[in-house]
Amino acid sequence: MNTINPNETNSWKELSNHFKFISKIHIKDFFLKDFSRFKKFSLIFKNKILVDFSKNNITKNTIQLLIQLAKEMGLETAIKDMFSGKKINYTENQPVLHIALRNMGHDPIVVDGRNVMIDVKNSLEQMKVFSNLIIQGKWTGYTNKKITDVVNIGIGGSHLGPNMVIESLKQYRNHLNVHFISNIDSYNILSILKKINFETTIFLISSKTFTTKETMTNATTIKNIFLKKTKIKKSLEKHFFALTTNVQYAQNFGISKNNIFRFWNWVGGRYSLWSSIGLSISLAVGYKNFISLLQGAYDMDVHFSKKKLEENIPVILALIGIWYNNFFNTETEAVLPYNYHMHKFVEYLQQTNMESNGKNINKQGKKVSWQTGPIVWGGVGTNSQHAFYQLLHQGTKLIPCDFIIPINKTNKFKKHSVQLLANFLAQTKALAFGKNSNDFEENINFNVNLTNNEKLFSTFKSFDGNKPSNSIILDILDPYNLGSLIALYEHKTFVQGVIFNIYSFDQWGVELGKKMANDIENSIYSTNESNLSFDSSTNGLINFCSKVLSNR
Ligand code: F6P
């Protein structure tokens, strides 16, 4: 494993010099000088996904230098290490094998002497049988009624991935209603309880560890209400299921052994939608579509692990991200899906990227002196155009954007699809090129009829352009393409982690918050002001809240 710091490489120094040159050139000038720029700076995946990265502040030389950086940082070996099951999650002493979950028996992958593909195959078979039983109405509840509703109880990676996929694939949904309880805030549970009937609902307790406080509290509350209503302990068997690595804890909770859908410690929480954590997906869109999702991801894995770096889509997008993050010093990047059903995509990506690469300690345990993971944010188009795009166009911050659109050729209202596409294309063009400078200069300098006021107004209406973006176009939003797209972003995150010289697969920052919440919870119950031993702000806040709680 390579552990050198990126800013100590030769490429980093060369990139810093190269930046001085590139940063003076406007994106529109790259296009004026080279009419085949689109061809040179775009890649196609399986004739289904087009990635255009020509509207960036880059030349062929920039890409070459970034690839040199990736090589110096040992990216090629790092990719091999992940795919061969090496324990690259060093601080948790685990391999990182979400790729095995979609490998579907293609190649054996060995962990501690065992071919884990056997376990993956068995798990998929269990998911298939169960999904079919529920969807076909053959599995019935404790009063013999068919199941109509599925409630996933989980948080973080045990929620965001399945929720995003199920929303994105709305066109593929069957008759089952799927709900999510993630937040410890009781309004989450209450709002779902209003919508379901216990007789026809199953609960999937989704937790890798089966110890996450929010999930266990929510699951216990639901179980207690359920048992109060049914009054028969045996009824749990018909309605409660666990998706977890922790079989023992699930059984202790009262889940029967046959109702446990296992996965393994070598699957990171935020990379687990491909495992049994994806059971809600398989139920919502059917097992066949779940397999298409895996197939799309698998094909992206093959692309990522086999293509040379110059033609490797996740690698190129990761390197362009590094270019802005570490040389232009942009702090954030926006992800902008032009698809109504993809409204959960950004939230999902925030966990993938920010929980993975939001680290400030390098692999040697030293503070980093370079920027690591960016702030990922965004929203769906066209709504976002009328919310925050003003800042993208005319604000003082440089925000690289990923525009994503699936072409919707089967849409009933063709006019809507065409308008959506037109907006997508117009935005990337306006950001890169700004307001047509000829028009603008003509108005200002040559139009003698313009009043001073009109001249002044022209400045308010001017767009500098030179705002970079990638355009990602999917021929359709189907399970296969969605699988490929998600895997693309997973691998992009991985590549950036390698180049940042950090460990991307742990999340100690989140663990600290969990522990502190436990300590504080006990203090809220104690209500004894003088016993509080936190800082004065936390003490003051606890005192105020305890008083409000006890006055109820
Ligand atoms: O939020 C931190 C985290 O550890 C995530 O990585 C994980 O997805 C989430 O908690 C939920 O954990 P679990 O699946 O173990 O309940």
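Residues numbered from 1 in each chain as written. Predicted model: local features only at pLDDT ≥ 70, side-chain atom pairs only at ≥ 80, totals over all residues. Heavy atoms only, no water.

Another point: the packing of aromatic side chains. For the structure on display, the rule yields 33 aromatic pairs. Sitting over the ring of Phe 31, Arg 37 keeps its end group 5.3 Å from the ring centre. Residue placement shows Arg 37 over the ring face of Phe 41; its charged tip is 4.5 Å from the ring centre. (Phe/Tyr/Trp six-rings, centres within 6.5 Å; stacked < 30°, edge-to-face > 60°. Lys NZ or Arg CZ within 6 Å of the ring centre and 35° of its normal.)

Here we come to the sheet that holds strand β13 (residues 469–474). Strands sit in the order β1-β2-β13-β12-β10-β11 across an open sheet of 6 strands; the sheet is mixed. The open sheet has two edge strands with one neighbour each: β1 (42–45) and β11 (375–378). Within this sheet the neighbouring strands show an average axis-to-axis angle of 15°, counted without direction. Against the sheet, helix α15 (residues 313–327) makes contact with β1, β2 (49–52), β10 (332–337) and β13, and its axis sits at roughly 145° relative to β1, the strand it touches most. Along the sheet, helix α18 (residues 414–433) contacts β12 (401–406) and β13; its crossing angle with β12, the most-contacted strand, is approximately 160°. (Pairing = 2+ DSSP bridges. Helix = DSSP H or I, 4+ residues; strand = E, 2+ residues; numbered from the N terminus. Axes fitted to C-alpha atoms, helices over the stretch in contact; angles between N-to-C directions. Contact = heavy atoms within 4.5 Å.)

Considering all chains together, one arrives at 2 cavities of 30 Å³ or more under this definition. Put simply, the largest cavity is a space of about 100 Å³. As for the largest cavity, its lining consists of 15 residues, of which Glu 333, Pro 400, Asp 402, Asn 470 and Lys 492 are closest to the centre. For the lining of the largest cavity, the secondary-structure elements that each account for two or more residues are α15, β10, β12 and β13. (1 Å grid on protein atoms, 1.4 Å probe; cavity = no way out; pocket = protein on both sides within 12 Å on 5 of 7 lines; lining within 4 Å. Points joined across faces, edges and corners; volume = space filled by probe spheres on them.)

Splitting the chain by domain gives domain 1 (6–72 + 307–433 + 468–506), domain 2 (98–292) and domain 3 (509–550). Distance between the C-alpha centres of domain 2 and domain 3: 33 Å. (Domains from an automatic or database assignment.)

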